[in-house]
Amino acid sequence: MTLEMWVILAVRVAGSLPVLRWAFAGAVIAILVDLSDLFLRAYLDLGGVRNYQSFDKWCDQVYLAVFLVVALRWEGPARAIAVALYAFRMVGFALFEVTGERWLLMLFPNVFEFWFVFVAFTRHWWRTFSWRPRPTAFALAGATAAKLFHEYALHVGRWFDSFTPKDVVAWILGPFG
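Source: prediction; values computed, not measured.

### A few points about the packing of aromatic side chains
- Counted by the stated rule, this structure contains 18 aromatic pairs.
- Centre to centre, the rings of Phe 88 and Phe 108 are 4.9 Å apart; their planes meet at 40°, and the pair counts as tilted. Here Phe 108 lies in the loop between α5 (104-107) and α6 (111-125) and Phe 88 lies in helix α4 (residues 76-99), a separation of 20 residues in the sequence.
- Between the aromatic rings of Trp 126 and Phe 129, the centroid separation amounts to 4.9 Å while the plane-to-plane angle is 70°, which identifies the pairing as edge-to-face.
- Judged by its relative accessible area of 39%, Trp 126 is partly exposed.
- An aromatic cluster of at least three residues, connected via ring pairs, comprises Tyr 63, Phe 67, Trp 74, Tyr 86, Phe 112 and Phe 116.

Shown next, in the form of structure tokens:
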């Protein structure tokens with residue numbers, strides 16, 4: 001591993017830790033920090049990142065494992081679904097690692113991530129959410145649809161592959177840059 005990869009890994013690990021104290025806010029932080037490697041790769045010159053897609057998926061395992069630790073404290077359907085979704089994504093991750101085929105990530109979407117955020121939100125701000133089968137199924141369907149769209153955009157359509165972080169910063173800064 002290059003020094004650049006170690007720096008990115010350290011940032012990703014540090015960005016995952018707030019989840020242990022604040023599930024919802026920590027999850028938002030971890031997801032935003034997940035994007036930071038794109039900017040770090042663009043602005044650091046410490047040896048580069050070899051096989052970015054694989055490296056990124058390995059780094060994802062850190063925050064996903066922390067999400068799982070927190071989800072194991074939950075009860076009922078929220079916990080059972082979280083564990084099943086985590087295991088499902090691990091199958092996809094393993095297949096991706098063996099084959100290197102990004103489309104497999106679409107077949108095994110990381111719904112666990114969106115489910116975790118939803119449950120963390122309900123536990124903090126929507127305590128009256130009913131965990132009966134119908135509302136739970138709607139929530140799971142919504143998380144699945146949103147994540148499928150996200151996975152398609154990233155791994156099948158590759159809509160963002162032509163943009164660099166420097167392009168994004170320039171666009172955000174616009175006339176101020």
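This is not the end of the story, as more comes after the structure.
### Some remarks on empty space enclosed by the protein
- Tallied over the full model, the rule gives one cavity of 30 Å³ or more.
- The computed volume of the largest cavity comes to approximately 30 Å³.
- Contributions of two or more residues to the lining of the largest cavity are made by α3 (52-71) and α4.
- With four residues, the top contributor of residues to the lining of the largest cavity is α3.

Each value, and the rule that gives it
Residues numbered from 1 in each chain as written. Predicted model: local features only at pLDDT ≥ 70, side-chain atom pairs only at ≥ 80, totals over all residues. Heavy atoms only, no water. Phe/Tyr/Trp six-rings, centres within 6.5 Å; stacked < 30°, edge-to-face > 60°. Helix = DSSP H or I, 4+ residues; strand = E, 2+ residues; numbered from the N terminus. Buried < 20%, exposed > 50% of the residue type's maximum accessible area, 1.4 Å probe, protein only. 1 Å grid on protein atoms, 1.4 Å probe; cavity = no way out; pocket = protein on both sides within 12 Å on 5 of 7 lines; lining within 4 Å. Points joined across faces, edges and corners; volume = space filled by probe spheres on them.

None of this, on its own, says anything about what the molecule does.
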